[in-house]
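# Chain and residue survey
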Protein chains: 4
Amino acid sequence: MTDGRARRRVDTRQRLFEAAVELIAEQGFSATTVDDIAARAGVAKGTVYYNFASKTSLFEELLRHGIGLLTEQFRAAVAGLPPRPALAALVRAQLEYIRRYRAFAQLLLSEMWRTNREWQQTLRLLRAEAIGVIAETVRAGVDAGDLPADLDVQLASSALFGVGLVVAVDWLVFQPDRPVEDVQEALLAIVRRVAHT
Amino acid sequence: MTDGRARRRVDTRQRLFEAAVELIAEQGFSATTVDDIAARAGVAKGTVYYNFASKTSLFEELLRHGIGLLTEQFRAAVAGLPPRPALAALVRAQLEYIRRYRAFAQLLLSEMWRTNREWQQTLRLLRAEAIGVIAETVRAGVDAGDLPADLDVQLASSALFGVGLVVAVDWLVFQPDRPVEDVQEALLAIVRRVAHT
Amino acid sequence: MTDGRARRRVDTRQRLFEAAVELIAEQGFSATTVDDIAARAGVAKGTVYYNFASKTSLFEELLRHGIGLLTEQFRAAVAGLPPRPALAALVRAQLEYIRRYRAFAQLLLSEMWRTNREWQQTLRLLRAEAIGVIAETVRAGVDAGDLPADLDVQLASSALFGVGLVVAVDWLVFQPDRPVEDVQEALLAIVRRVAHT
Amino acid sequence: MTDGRARRRVDTRQRLFEAAVELIAEQGFSATTVDDIAARAGVAKGTVYYNFASKTSLFEELLRHGIGLLTEQFRAAVAGLPPRPALAALVRAQLEYIRRYRAFAQLLLSEMWRTNREWQQTLRLLRAEAIGVIAETVRAGVDAGDLPADLDVQLASSALFGVGLVVAVDWLVFQPDRPVEDVQEALLAIVRRVAHT
DNA sequence: TATGAATGAGAATTCATTCAT
DNA sequence: CATGAATGAATTCTCATTCAT
């Protein structure tokens, strides 16, 4: 039963998520304090601990949530499409996602290639899931002869993911005024060309 | 004969730089403590503060040093070359650099697209310098007709820089066993293709 | 019923004030550590920082609090009295205050005539407030013909304040066994005489 | 034999003394760093330790030097005078001294009534010496019937010393533009009156 | 006689976490 | 379900002192 209390709790968690993503995107995990998060979410500090076991687990849930969402979009994007259009759809989905959740994307870009952090394992797993969708598509492309037979599927997939991330975030951070279509076009052009090999 | 003391001091600073890059690359700036840095450099904690005004300014000098070096390599790489080969030389120089200073590259990837950090301004300036070299080359390519006339030079240059960085670091972190030549080839292939438009 | 928490916090601040005054009176501001203050107040070190922004601002609030109290006593002492008795009442009030808050008086004596400290500005303002009450009384005495017409009101007022402070503290520190009445008598005698000019 | 080296050392010590007095007068002993002192004296930090055993002993020597000088002036002032003029001469000598060595006077005012400091003992002894000269004069006045027979010689002497110090320093700090003669007059007036009892 | 790089103990400050309300 | 005062371990930074040159 969805009573008022339960709804309120969900709201609070959502607000905390949003506050945390923004702050961590801007400053990084360590530089963001629980006080900061509570303040931006407009709740008391104790409330953070009422809703999450620790700062780290808040962050891990955040990663899970954010990357889970991305993976879903990837799956939805490729559903039923042949390799070539599927690849283009993935690029579009990624940009769409980054545009919608820019702070999370920024955060991901900054944390993805770190080593030696507590949540490294979690992150690796989640990354594998998201890139997995790309890899399936690429493999299908190879199998269908749309992509070069000797293509390293793993390398190509992570490169594709990384390139999309860095180009999109760079655009958001350094040239936010340019229309997203430009970026999309540029990226699709690159992908198309590479795919033609 | 140069003063022994001055030499000693330069040595110490160098050791601190090296220790700091490695640690910050792995864990990030905030998660790296001054104690860690001192310990890895094999000096006392006070020595860090004798040589740098603060942890932040140590990091800023580090950025300055590292990006300065990269900019030099970029300049050396393009010196006297026509646009097309110059572009390829830049890609090679960047990979060369990342291979040689992998920790610094990793650190850069993590900090480059953050906002709201104390050294943001410094970083932006340095970034502009390094990408400036790329931009000059791209512009020359456009002027020479080697690159599409309507290419957005700024966007293309940052994208090129970012792509190189993310692909190379991804390779270093996730597939360190693959030969660097593969990565270099893949990148050059992309660049070549885009350039052919 | 008032919030128990708020009361607790006020208590803590009060305890910290008291601990700080004593320690700073004995050793001076710089020689007193935040650890000392917390220990004497019976709280954890973090509590000091939960209640005050910094050691300096704790001290500033302390000055404000202590001198504010003194100013109040001065005002209460002169209320409704004609100049001559008012002057005597001020001397008595100052001694009363110093006897009651000896540590604060000692601290004031040590800090009042320093220059170049962070809280100098605050101190000057507060000093002006307290001495202002004396000055009003002196001026009234001059206007009423009870004091010499050419008396420098400012100089006389600060001198009066300073003399009371130094004589009383000297007594507290070096001859604490002598009854306060002696000191009071001696001071009043001086003031009376000077006033007779 | 006064060769160049010895003279240089004396110079250095003198410069360090002066630098230290000024800084400690402004900020207090603990807040003044050895670095500060060396910098203001225009020598390297090591030089401080070449000339003095420690920061504390530099300060103790300073106290000894400064109060010794004051005691000498007191002795010279009263030499051969009968009680009443001797007392006036002491007041003049003190003001003279404070005008000449204002920083030292300020320092003394701030440290004189502290308790619990390392050099407390030294300070007490030196204080007793200086005030001793005043006490001798007061006693002579009492014996000669110039001062009330029941006067507490100790209390009166320290009060006299303290009053002179605080009034003069207050003038130096808060009204440095007023001519010293005003202050001298005011003080002498007080003393004269009290002496008339 | 003087220097200044290096030290490390200690001081100020921060912050994730707990817990009584 | 939420709060915010309190905590103390960890962190940044300071500074008197040492010592090789």
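Each residue is numbered by its place in its chain's sequence as written, counting from 1. Chain labels run from A onward and ligand labels from 1 onward, assigned in the order the entries are written. At least 70 in pLDDT is required for a residue's local features to be given in this predicted model, at least 80 for side-chain atom pairs to be given and counted, and no such filter applies to totals for whole chains, interfaces and linings, which use all residues. Water and hydrogen atoms were dropped before computing side-chain values, which therefore reflect all heavy atoms in the structure.

- As annotated in an unreviewed UniProt entry, chain A carries the name TetR/AcrR family transcriptional regulator and is attributed to Micromonospora zhanjiangensis.

### Notes on the overall build of chain A
- Segments assigned H or I by DSSP are reported as helices when at least four residues long, segments assigned E as strands when at least two residues long, and all are numbered from the N terminus. Each helix and strand counted, chain A has nine helices and zero strands in total.
- Reading chain A from its N terminus to its C terminus gives the helix and strand order α-α-α-α-α-α-α-α-α.
- Here the C-alpha coordinates of chain A stretch approximately 55 × 40 × 35 Å along the principal axes.
- Counting only residues that meet the buried cut, chain A has 53% of its 197 residues in that class.
- In this analysis, two residues are considered to be in contact whenever any of their non-hydrogen atoms come within 4.5 Å of each other. The long-range share in chain A, meaning contacts at least 24 apart out of those at least 6 apart in sequence, stands at 68%.
- Note that accessible areas follow from Shrake-Rupley with a 1.4 Å probe, and for residues the cover is restricted to the protein chains shown. Of the roughly 9,100 Å² of accessible surface on chain A, 52% is carried by carbon and sulfur atoms. Each residue gets one of three labels from its accessible area relative to the maximum for its type: buried under 20%, exposed over 50%, partly exposed in between, using a 1.4 Å probe on protein chains only.

### Some remarks on the protein's contact with DNA strand F
- Put simply, a residue is near a molecule or strand once any heavy atom of it comes within 4 Å of that molecule or strand. Contacts to DNA strand F come from 39 residues, most closely from Thr-47 of chain A together with Arg-5, Thr-12, Thr-47 and Tyr-50 of chain C.
- Within 4 Å of the protein, atoms of DNA strand F come from sugar and phosphate in 65% of cases.
- Between a base nitrogen of DNA strand F and a main-chain N or O atom of Gly-46 of chain A, the distance comes to 3.2 Å.
- Under this definition, polar contacts are N or O atom pairs within 3.5 Å; protein pairs additionally need one hydrogen-donor-capable and one acceptor-capable atom, and for neighbouring residues in sequence, both atoms have to be side-chain atoms. Tyr-49 of chain D is positioned such that a nitrogen or oxygen atom in its side chain is 2.9 Å from a phosphate oxygen of DNA strand F.
- Only helix 1 (4-27) and helix 3 (45-51) of chain A, helix 2 (34-41) and helix 3 (45-51) of chain B, helix 1 (4-27) and helix 3 (45-51) of chain C together with helix 3 (45-51) of chain D provide two or more residues apiece to the surface near DNA strand F.

### A few points about the interface of chain C and chain D
- At the junction of the two partners, chain C supplies 38 residues and chain D supplies 38 residues.
- Joining two parts hides part of their accessible area as seen by a 1.4 Å probe, and the buried area is that hidden amount summed over both. Between chain C and chain D, roughly 3,600 Å² of surface is buried when both sides are summed, and carbon and sulfur atoms account for 56% of that area.
- Here a salt bridge means any side-chain nitrogen of Lys or Arg lying within 4 Å of a carboxyl oxygen belonging to Asp or Glu. Linking chain C with chain D are six salt bridges, by the criterion used here.
- The set of elements that each furnish at least two residues to the side of chain C that touches chain D consists of helix 1, helix 6 (102-111), helix 7 (120-143), helix 8 (153-174) and helix 9 (180-196) of chain C.
- With twelve residues, the single largest contributor to the side of chain C that touches chain D is helix 8 of chain C.
- For this scheme, ten residues count as nonpolar: Ala, Val, Leu, Ile, Met, Phe, Trp, Tyr, Cys and Pro. Four count as charged, namely Asp, Glu, Lys and Arg, and the remainder, Gly too, count as polar. For the side of chain C that touches chain D, the class distribution of residues is 16 nonpolar, twelve polar and ten charged.

### Looking at the UniProt feature "domain: HTH tetR-type" (unreviewed entry) in chain A
- UniProt positions are given in the numbering used here, feature names are shortened, and annotations may be inferred rather than shown by experiment. Under the present numbering, the feature "domain: HTH tetR-type" (unreviewed entry) in UniProt falls on residues 10-70 of chain A.
- Span residues 10-70 of chain A is 80% helix and 0% strand, its end C-alpha atoms 21 Å apart.

### Section: the relation of the copies chain A and chain B
- Of the transformation superimposing chain A on chain B, the axial component is 0.0 Å and the angular component is 179 degrees, with the fit at an RMSD of 0.3 Å. Both copies of the chain, as the preceding transformation shows, are related through a two-fold rotation axis. No C-alpha of chain A lies nearer the rotation axis than that of Ser-110 of chain A, which sits 2.1 Å from it.
- The residues that chain A uses at the interface reappear at the interface of chain B in 100% of cases, marking a shared surface. The least-squares superposition of copies is restricted to C-alpha atoms, and to residues with a pLDDT of at least 70 in both copies.

### Side note on the relation of the copies chain C and chain D
- Each copy superposes on the other: chain C lies on chain D with an RMSD of 0.2 Å after a rotation of 179 degrees and an axial shift of 0.0 Å.
- When the interface residues of chain C are mapped onto chain D, 100% of them again lie at the interface, so the same face is used by both copies.

### Overview of the interface of chain A and chain B
- Listed by partner, the interface residues are 38 residues for chain A and 38 residues for chain B.
- Counting each side, the surface lost to burial between chain A and chain B is near 3,600 Å², with a carbon and sulfur contribution of 56%.
- The interface formed by chain A and chain B includes six salt bridges.
- Between Glu-111 of chain A and Arg-114 of chain B there is a salt bridge, with the nearest N and O atoms lying 3.7 Å from each other.
- Our count for the chain A to chain B interface comes out at 19 residue pairs in polar contact (both at pLDDT 80 or more).
- Counting only elements with at least two residues in the side of chain A that touches chain B, the list comes to helix 1, helix 6 (102-111), helix 7 (120-143), helix 8 (153-174) and helix 9 (180-196) of chain A.

### Topic: the environment of Pro-83 of chain A
Residue and element names in this part refer to chain A.
- Within the secondary structure, Pro-83 sits in helix 5 (residues 83-100).
- The class for Pro-83 is buried, based on a relative accessible area of 18%.
- Between the C-alpha atom of Pro-83 and that of Val-138, which follows or precedes it by 55 residues, the distance is 7.0 Å.
- Those residues in contact with Pro-83, other than ones at most four positions away along the chain, are Thr-137, Ala-140, Gly-141, Ala-144 and Asp-146.

### A short note on the packing of helix 4 (residues 55-78) of chain A against helix 5 of chain A
Residues and elements named next belong to chain A.
- Relative to each other, helix 4 and helix 5 sit at 145 degrees, their axes nearing to 8 Å. The crossing of helix 4 and helix 5 is right-handed. In this structure, helix 4 contributes Gly-66, Ile-67, Leu-69, Leu-70, Gln-73, Phe-74, Ala-77 and Val-78 to the contact, and helix 5 contributes Ala-86, Ala-89, Leu-90, Ala-93, Gln-94 and Tyr-97.
- Classifying every residue of the contact of helix 4 with helix 5 by side-chain character gives eleven nonpolar, three polar and no charged. Every angle, taken between N-to-C directions, lies between 0 and 180 degrees, and every axis is a line fitted to C-alpha atoms, over only the stretch in contact when it is a helix. Two helices cross in a left-handed way if the nearer one is turned anticlockwise from the farther one by less than a right angle. They cross in a right-handed way if the turn is clockwise.

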